[in-house]
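# Structure assessment
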Amino acid sequence: MSEYKYIGKPVKRHDGVEKVTGQASYTGDLKMSGMLYAKMKTSEYAHAKILKVDTSEAEKLPGVRAVIDGRHGFAKLGIYMQDRSVIAMDKVRYHGEVVAAVAADDLETAERAIELIKVEYEPLPIIQDVREAVKPDAPLIHPDLGSYSHTVGVFFPKAGTNVANHMKLRRGNVEEGFAKSDVILENTFTQSQIFHIPLETHVTIVQWGAGDNIKIWCSGQSPFSVRDLFSIAFGVPRNNIEVNILYVGGGFGAKAGIHLEPLVGLLSKAAGGRPVKLVPTREEECSTLPCRQGLFARIKTGCSAEGRILAEEVELLWDAGAYADYGVNIGRASATSGCGPYEIENIKIDSLTVYTNHVFGTAYRGFGHPEVFFAVERQRDLMAAKLGMDPTEFRLKNLLYPGSRTVTGELITENTGRPDKCLKRVAEMIGLHNHYTDAEKAEMKRTGKYRGKAAAVLQKAPAMPTWAASSALVQMNEDGTVRISVSGVDYGQGTYTVLQQIAAERLNLPIEKISINKSVSTPISPYDWQTVASRMTVICGMAVADACDDLKEQILEMAAVVLRASKHEIAFGEGDVYVMQNPQYRVGFNKIAIGYVYENGNAVGGPLIGRGKAIAQGLTNLDPETGQGKAALDWTYGAHAAEIEVDTETGDIEVLQFASCIDVGQVMNEELMRGQIVGGVLQGLGCAKSEYVSHDASGRLLTRNFTDYKIPTFKDMPKKMMVDAVETPQLDGPYGARGCGEHPLISVTSVMANALANAVGVQFFDLPLSADRVYRRIQAGNSGPKLS
Amino acid sequence: MPAFLQPSSLSEAWSALKENEDVRFLAGGTDLIVLMRQGAVKCGAVMDVKKIPELSVFGFKDGALEIGGAVTCAQILEAHETEGPYGILKQAAVTLANSLLRNRATLAGNLCNASPGGDMIPASLVLGASVVAASPRGEREIPLKDFFLGVKKHVLARDEIVLRVVFPKIQGGGVYLKKRRIRGHDLAQVGVAGFYDGGLRFALGAVGPTPVLVDFGRIPEAELLERKAEIVETVAAEAKPITDIRASKEYRLAMTRLFAGRILDALSSCSRPLAVEEAAQ
Amino acid sequence: MNRQRIRLKVNGQAYDTLCSENATLLTLLREDLGLTGTKEGCGAGECGACTVILNGRPVNSCMVLALECQDSEVRTIEGETVNGGLSDLQKAFIEHNALQCGFCTPGMIMSARALLDKNPSPTREDICEALEGNLCRCTGYEPIIAAVLSAAGGEVNE
């Protein structure tokens, strides 16, 4: 397909051997001499004043080395919004929030000490519904919101309310657009919070040694962010903080930013600098560590009779839970996709990140887009039905094409990517437009198992600060092989393998001659902002390419000396360089890797180190009133389609076939891409069918573990899964590539609910599509409250 | 910190009971270890009963099937003894948790956990099972229908060990159907067992504080389908489900009805029990 | 803390050590014997990350007390490698990209190994039944099925 030697070729993942042998080391596998074991005391209330924390009995227990509570853990944490202290101080804001912690010689002692800590609470009124939380008389979850530090000019907290951020987006005149519309449709959609469920919890080890020398080992996605935020929280210079990331057992956004590192650090400090290890249980992972936000969305759409969308008004109320650090940016970023990949002249979007007394939210694969696209892509099918149009035709009529402008006013070019092509492709893959025969329909009637098909589009750009950067080092070993160092983390998505391919291509070296760091350590690894936002292949990839170019330049400089030729007269072989005109004059990389030695012993040069960097190009802060500006480094578009079968007697949904097609620009490694897509789609099907976070009336978490938070198993896969890609090159991406780590999860829920509607005529405006709910809705003969 | 006891005979068990306070019995451990980890069970000692020979019996005695207290669900799935009329035990066992846990979880443990949704309970009830328990005071046999007192409560005293579960000699066939939230490992939203041997019995799980047995007495085979509506309604009337995190009351009731009907169809249309795969849904 | 003597074989090696009375087999393996290839994902028998083969049967090692394993034979992921070389199953996992973060992989391979020991040519359905208790959040399972089928020498349909 391409002229490349390594790009797009079937290169096996770099970490396979260590992972299939059990030799891959995860943070939880580490043990250090003098290490203590930590345990957390968490709140039994969703919202309560802390009257008293009595740790005296716990402190007396033999083997207990440190006990801390809010008096020690007052430092504020946050990447965008510093709204959370390390340990709850005056009050708790969710069931599961940390109120105290213990470090002891062993875990059993720590557990017993926790039981001895007595906390007195005075319950406060709780808020669980974002619509209640935004009412003027709602109790305030953060009365001091106005005084919180936050990224000024990007986020807009509303003091005296529960609104942590209000993102506004305005284009054209939405009132005029509705006035011109022939058909107007308004719907609301609700989705609960969702858990990430990395199989490895947020395991953390910290040693806060004398002189504030701090060493951190954590199961994290973003070593430099941990360092940065730790430094800001405690006023310790970055040079004093070492963050180490080994293999990571899944992230999905849950491990972006900073989590338990400050808490464990304070325990270590209180224990005189001994290393302290905290392994959250599955229950703690669910109830104490953050989740994906919930969403209430209202969409009003106006269309011409011919099916052109003339105006759209979108209101997003995000259930951020008790803290909204990442939540404010999810509210912001998802609004820039708030109408989907459609060209609409008149737009009004209000995205409010709202505090409630739920577990707090954070980044989750898709960064708000799976939630928004459930609403947007449901709305498209509902509107098409109202117009009497085929939903695919309706989408194709309104999608972004070269020359269109996005909701933030960004111009779409020939190289932006093509949602239309993806949509047409998935429609073809599942036979979306092949109507069921009469015989098939009769069979459905006979068995009570009705089939339905649907498709939906998706989009996402990396959501990150305008200055998010990566860097890379490419160093040559004595034998002419090469080692890459980056600080992006490969927690299985395959980033490092793709980076190896980029280096192999750039340096014309066999892939076996290129190794990459297996772990990241901030004192020695080059800076990277974070491993999030599907930005690794693109930005870190460009940094590696840049570093390879730098290394090549140095190779040329050395070769020019050794071969006594000008640089422009030298060409690259495979592992060596030679004089173009006279190829018999050549020198191997191994001869110049660490310096060239002449016969008499004289040496020149020195170890070859290529350094590279990349930063998002041309992003702007968005206008605070209109949201206009350049929000996206690159848009990855895609589409899904599914055919399902609904058992009307039980409400069970079986996915007969699922097709996914993403415009990745350039397929870097088909097997790894397929891995991302198949895995992401199943995660999305979990959100569609069985996953939801539930609290009781007093705000206590009910879905605390795998007993009641059901993720898909081997028996819950689609019967048939098809993957394809469109390749519209991204000119500033490495070899034309775009990211696709998050995208498979977006619009899975919408496809499922649309297909359900097509199968049995039941319109769902909320999730999950559990058998129980589907059955009851079919029984109620409900064809949708809002669909007239 | 509970002590660990592992008697290799009943007499060792009785002396260990004397020497230790607050002893909990451990068979497969798939419930007890979870509860201990959660801190929901605190005890002085854990007694692993699996080395007591009497608990490993698995076979027929005087025509009745005896399954020892240490026999796992996996063994039930692999055994020839649990075929024919007792095949319903396989149908139930294959729905219990997942294949890893079935290698540990025991039939007796599932009964003693006394969860309203215990998968082995409805099937055992329709087979007319009874529980043989021993204590330092001697042995007694308790009909399973009289075994359950409430959610997670049964009639055994703290020092009574389940030696075996006894299934009387029986003809006929049965079906167990279970509804769960996903196709993979999950607790029952509803579990319904039905058995026909000239007499018709149904048993229901997860639709009340205790499993329920509905005994219709003798019904001629020809009448099974004729009286379907009435039978299904009678079964459903015994279901007293609640709404919780796993299912709504309405859904539980509807699935009870649906499954009762499906089971009746299966029982009347053929005297063979449904294949395990058919029933596994 | 009360400790009792425990003797067992792990991957053919004899161990004779002391362990806490309520330690699980998982804790014994990871903390006392230093065999950290076996992972803990939930501690409640619902994720399978801790799967080992105990006396020939795959079990959740978090659901077994260490002292129950007196005189037992245990196989863990560390025993899957033969003379430092990868087993067919391990090779197939790499070949089919049947892993991402890798945290479920040791348990997954042990469940698959136990299946293949019992049933050398499993169907897709057999694999799903045997591996249902092993959760994976990354791969979507499809490549794992392909890997097990291919290790068994069976047909791999995409």
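Residues numbered from 1 in each chain as written. Chains lettered and ligands numbered in written order. Predicted model: local features only at pLDDT ≥ 70, side-chain atom pairs only at ≥ 80, totals over all residues. Heavy atoms only, no water.

Next up on the list: the overall build of chain B. Scanning chain B for helices and strands turns up 11 helices and 14 strands. Whereas a compact globule of 281 residues would reach a radius of gyration of roughly 19 Å, chain B reaches 19 Å, a difference of no more than 12%. Along the three orthogonal principal directions, the C-alpha set of chain B runs to about 60 × 45 × 30 Å. Relative to its 281 residues, chain B shows a buried fraction of 62%. If you take every contact in chain B between residues at least 6 apart in sequence, the share linking residues at least 24 apart comes to 60%. (Helix = DSSP H or I, 4+ residues; strand = E, 2+ residues; numbered from the N terminus. Rg over C-alpha atoms; globule rule 2.2 N^0.38 Å. Buried < 20%, exposed > 50% of the residue type's maximum accessible area, 1.4 Å probe, protein only. Contact = heavy atoms within 4.5 Å.)

To continue, consider the interface of chain B and chain A. Across the boundary between the two partners, chain B contributes 23 residues, which contact 27 residues of chain A. With both sides pooled, the region where chain B packs onto chain A buries about 2000 Å², and carbon together with sulfur makes up 50% of that total. Its largest share of buried area at the contact with chain A, chain B owes to B:Ile182, B:Arg183 and B:Ile245, together 30% of the area lost on that side. Seen at the junction of chain B and chain A, the total is 9 salt bridges. (Buried area = accessible area lost by both parts, 1.4 Å probe. Salt bridge = Lys/Arg side-chain N within 4 Å of Asp/Glu carboxyl O.)

It is worth spelling out the interface of chain A and chain C at this point. Contact residues are listed per partner, giving 51 residues for chain A and 49 residues for chain C. For the chain A and chain C pair, buried surface summed over both sides reaches about 4000 Å², with 57% attributable to carbon and sulfur atoms. Contact with chain C buries area across many residues of chain A, yet A:Val20, A:Leu199 and A:Phe714 alone supply 21% of it, more than any other trio. Joining chain A to chain C, the criterion identifies 8 salt bridges. For C:Glu132, the salt bridge goes to A:Lys715, with nearest N and O atoms at 2.9 Å. Applying the counting criterion to the chain A and chain C interface returns 25 residue pairs in polar contact (both at pLDDT 80 or more). Counting only elements with at least two residues in the side of chain A that touches chain C, the list comes to helix H1 (16-21) and helix H17 (670-689) of chain A. (Polar contact = N/O pair within 3.5 Å; in protein donor to acceptor, adjacent residues only side chain to side chain.)

All names here are of chain A. Looking at the secondary structure, you find Val486 in the loop between strand S20 (482-485) and helix H14 (495-507). Residues Val486 and Gly612 lie 126 residues apart in sequence; the distance between their C-alpha atoms is 10.0 Å. For Val486, the contacting residues outside a window of four places in its chain are Ser471, Ala472, Tyr496, Leu499, Ile516, Asn517, Val520, Ser525, Pro526, Cys540 and Val544.

Inspection of every chain in the model, using the stated rule, returns 83 salt bridges over all chains. In this structure, C:Arg57 engages B:Glu78 in a salt bridge whose closest nitrogen and oxygen atoms are separated by 2.7 Å. One end of the pair, C:Arg57, is in strand S4 (residues 57-60); the other, B:Glu78, is in helix H3 (residues 73-78), on a second chain. The salt bridge partner of B:Asp159 is B:Arg137, with a shortest N-O separation of 2.6 Å. With a gap of 22 residues between them, B:Asp159 in the loop between strand S9 (153-154) and strand S10 (161-167) and B:Arg137 in the loop between strand S6 (130-135) and strand S7 (138-143) connect regions that are remote in the sequence. Each of the salt bridges in this network shares a partner with another, and the network as a whole consists of A:Asp708, A:Lys710, B:Arg181, B:Asp186 and B:Arg246.

This brings us to the nonpolar core. Judged by nonpolar contacts, the single largest core of 347 residues is most densely connected at A:Leu263, B:Leu89, B:Phe167, C:Phe93 and C:Val148. Of the residues forming this core, the biggest block, 17 residues, is contributed by helix H15 (residues 536-563) of chain A. Setting aside its immediate chain neighbours within four residues, B:Phe167 contacts B:Ala64, B:Leu65, B:Ile67, B:Tyr86, B:Leu89, B:Leu107, B:Ser124, B:Leu127 and B:Ala129. Residues A:Ala771, B:Leu200, B:Val207 and B:Leu267 belong to the second largest nonpolar core, which totals 31 residues. (Core = buried A, V, L, I, M, F, W, Y, C linked by side-chain atoms within 4.5 Å.)

Right, let's talk about the sheet that holds S7(B) for a bit. Residue and element names in this part refer to chain B. A sheet is described by the order of its strands in space; here 5 strands give the open sequence S4-S5-S10-S6-S7, paired in antiparallel fashion. Looking at strand neighbours, the two that pair on one side only are strand S4 (58-61) and S7, the edges of this open sheet. Across the sheet, the mean angle separating the axes of adjacent strands is 25° when strand polarity is ignored. Pairing of S6 with S7 involves 6 bridges; the strand directions are antiparallel. Paired with Ser130 across the bridge in S7 is Pro143. Helix-sheet contacts for helix H1 (residues 10-19) involve S6 and S10, and the interaxial angle to S10 is about 135°. (Pairing = 2+ DSSP bridges. Axes fitted to C-alpha atoms, helices over the stretch in contact; angles between N-to-C directions.)

Further remarks concern the packing of aromatic side chains. Residue and element names in this part refer to chain A. For the structure on display, the rule yields 26 aromatic pairs over all chains. Consider the rings of Tyr94 and Phe360, whose centres lie 5.7 Å apart with planes at 65°: the pair is edge-to-face. Remark: Phe360 occurs in the loop between strand S17 (346-355) and helix H10 (369-387) and Tyr94 occurs in the loop between strand S6 (91-92) and strand S7 (98-104); sequence separation between them is 266 residues. Accessibility assignment for this pair places Tyr94 and Phe360 in one class, buried. Taken together, a centroid distance of 4.8 Å and an interplanar angle of 55° make the contact between Phe195 and Tyr709 tilted. Placement of Phe195 in the loop between strand S10 (183-191) and strand S11 (204-209) and of Tyr709 in the loop between H17 and strand S31 (721-726) is noted, with a sequence separation of 514 residues between them. Each of the two residues, Phe195 as well as Tyr709, counts as buried. (Phe/Tyr/Trp six-rings, centres within 6.5 Å; stacked < 30°, edge-to-face > 60°.)

Once that is clear, we can look at the pairing of strand S3 (residues 51-54) of chain C. All names here are of chain C. Every second residue of S3 is oriented toward a common face, with Thr51 and Ile53 on one face and Val52 and Leu54 on the other, all of them buried. Here S3 runs beside S4; their pairing, made up of 4 bridges, is antiparallel. Residue pairing across strands places Leu54 opposite Arg57, the latter belonging to S4. Pairing analysis gives 2 bridges linking S3 to strand S5 (residues 73-75), with the strands arranged antiparallel. Paired with Ile53 across the two strands is Arg75, which belongs to S5.

With that settled, the discussion passes to the confidence of the model for chain C. Of all residues in chain C, 96% have pLDDT values of 70 or greater, and the mean over the chain is 95. Per the prediction output, this complex has pTM 0.97; the corresponding ipTM is 0.98. (pLDDT = per-residue confidence, 0-100.)

For the rest of this paragraph, the subject is the domain arrangement of chain C. Residue and element names in this part refer to chain C. Under the domain assignment used here, chain C contains domain 1 (3-79) and domain 2 (88-151). Averaged C-alpha coordinates put domain 1 and domain 2 at centres separated by 21 Å. Listed per partner, the contact involves 15 residues of domain 1 and 13 residues of domain 2. With both sides pooled, the region where domain 1 packs onto domain 2 buries about 1100 Å², and carbon together with sulfur makes up 65% of that total. On inspection of domain 1 and its partner domain 2, the count reaches 1 salt bridge. Note that Arg75 is salt-bridged to Asp117, the shortest N-O span being 3.1 Å. (Domains from an automatic or database assignment.)

A separate point is unusual backbone geometry. Of note, the bond from A:Leu767 into A:Pro768 is cis; its omega dihedral lies within 30 degrees of zero at 0°. You can see A:Pro768 is positioned in the loop between helix H18 (748-760) and helix H19 (771-779). The phi dihedral of A:Asp212 falls on the positive side, at around 55°, and the residue is not glycine. Examined against the element boundaries, A:Asp212 turns out to sit in the loop between S11 and strand S12 (213-218). The phi torsion at C:Asn97 lies on the positive side, around 55°, for a residue other than glycine. Here C:Asn97 is to be found in the loop between helix H2 (88-95) and helix H3 (105-118).

The subject of this paragraph is the sheet that holds strand S21 (residues 514-516) of chain A. Residues and elements named next belong to chain A. Pairing is mixed across the open sheet formed by 4 strands, whose spatial order is S21-S20-S19-S28. The open sheet terminates on both sides in strands that have one partner only, identified here as S21 and strand S28 (609-615). Averaged over neighbouring strand pairs, the angle between their axes works out to 20° when direction is ignored. Bridging between S20 and S21 involves 3 bridges; their strand directions are parallel.

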